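# Close look at the chain arrangement
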Amino acid sequence: MILCTAALCLTLSLPLPQQGRKPDRWFGEDKWKHFFASFVATSLSATAARAGGLGPRESAYVGAGVGGAVGVWKELRDRGSPETGTASFRDLVWDAAGVGAGTLVALQAR
């Protein structure tokens, strides 16, 4: 719930696109990186939580929380970056897809 609220606040605070910037497309190398980084963060966190003694469902929740937090942190960092200067809703969508995939994998692990 907190993660959803943070993502919503970030999305609502996104500035409008500026002239001269590359368009933020739905598909591209950057989006693959967002998906993969969120998937890995989720999977590794869930694995660590499972190794620490949590059950399958609880460890998947831990992984999802960490993966989501990593995605939101990256977008907050992008927002203040001189290179990008803005956060991207589309990047957050790809982050969420990676978290979702990582959580599904974690739930299937034995």
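Residues numbered from 1 in each chain as written. Predicted model: local features only at pLDDT ≥ 70, side-chain atom pairs only at ≥ 80, totals over all residues. Heavy atoms only, no water.

## A word on helix 2 (residues 29-51)
Between its terminal C-alpha atoms helix 2 stretches 33 Å, which fits the 33 Å expected from 23 residues at 1.5 Å a residue. Looking only at helix 2, the buried set comprises Lys31, His34, Phe35, Ser38, Ala41, Thr42, Ser43, Ser45, Ala46 and Ala49. For helix 2, the secondary structure elements touched by its buried residues are helix 3 (56-79) and helix 4 (89-108). Remark: glycine 53 follows helix 2 within two positions and exhibits a positive phi of approximately 110°. (Helix = DSSP H or I, 4+ residues; strand = E, 2+ residues; numbered from the N terminus. Expected span 1.5 Å × (residues − 1). Buried < 20%, exposed > 50% of the residue type's maximum accessible area, 1.4 Å probe, protein only. Contact = heavy atoms within 4.5 Å.)

## Examining the packing of helix 3 against helix 4
At a minimum axis distance of 9 Å, the contact between helix 3 and helix 4 shows a crossing angle of 165°. Judged on the interaxial angle alone, helix 4 and helix 3 are roughly antiparallel. The two elements helix 3 and helix 4 meet at a crossing, and its hand is right-handed. Across from Pro56, Arg57, Ala60, Ala64, Gly67, Gly68, Gly71, Val72, Glu75 and Asp78 in helix 3, the residues of helix 4 making contact are Asp91, Leu92, Asp95, Val99, Thr103, Ala106 and Leu107. For the contact of helix 3 with helix 4, a count of residues per class yields eight nonpolar, four polar and five charged. (Axes fitted to C-alpha atoms, helices over the stretch in contact; angles between N-to-C directions. Parallel < 35°, antiparallel > 145°, perpendicular 65-115°, else oblique. Left-handed = near helix turned anticlockwise from the far one by under 90°. Nonpolar A, V, L, I, M, F, W, Y, C, P; charged D, E, K, R; others polar.)

## Side note on the packing of aromatic side chains
With the rule as written, the count across this model stands at four aromatic pairs. Taken together, a centroid distance of 5.8 Å and an interplanar angle of 25° make the contact between tryptophan 32 and phenylalanine 36 stacked. With a gap of four residues between them, tryptophan 32 and phenylalanine 36 both fall in helix 2, about one helical turn apart. We classify tryptophan 32 as exposed; its relative accessible area is 52%. In textbook terms, an aromatic cluster arises when at least three aromatic residues are bridged by ring pairs, as seen for Trp32, Phe35, Phe36, Phe39 and Trp94. (Phe/Tyr/Trp six-rings, centres within 6.5 Å; stacked < 30°, edge-to-face > 60°.)

## Side note on the pattern of salt bridges
Across all of its chains, the model carries two salt bridges by this definition. A salt bridge links glutamate 29 to lysine 33; the nearest nitrogen and oxygen atoms lie 3.3 Å apart. Remark: lysine 33 and glutamate 29 occur in helix 2; sequence separation between them is four residues, near one turn of the helix. Its relative accessible area of 49% is what places lysine 33 among the partly exposed residues. The shortest N-O distance in the salt bridge between lysine 31 and aspartate 91 comes to 2.6 Å. Here lysine 31, found in helix 2, pairs with aspartate 91, found in helix 4; they are 60 residues apart in sequence, far enough to count as distant. Each member of the pair, lysine 31 as well as aspartate 91, is classed as buried. (Salt bridge = Lys/Arg side-chain N within 4 Å of Asp/Glu carboxyl O.)

## Structural notes on the packing of helix 2 against helix 3
Across the interface, helix 2 lies against helix 3 with an axial gap of 7 Å and an inter-helix angle of 145°. The interaxial crossing formed by helix 2 with helix 3 has right-handed handedness. Here His34, Ser38, Ala41, Thr42, Ser45, Ala46, Ala49 and Arg50 of helix 2 come into contact with helix 3, specifically with Pro56, Ser59, Ala60, Val62, Gly63, Ala64, Val66, Gly67, Val70, Lys74 and Glu75. For the contact of helix 2 with helix 3, the residue count by class is nine nonpolar, seven polar and three charged.

By themselves, these figures tell us nothing about what the structure is for.
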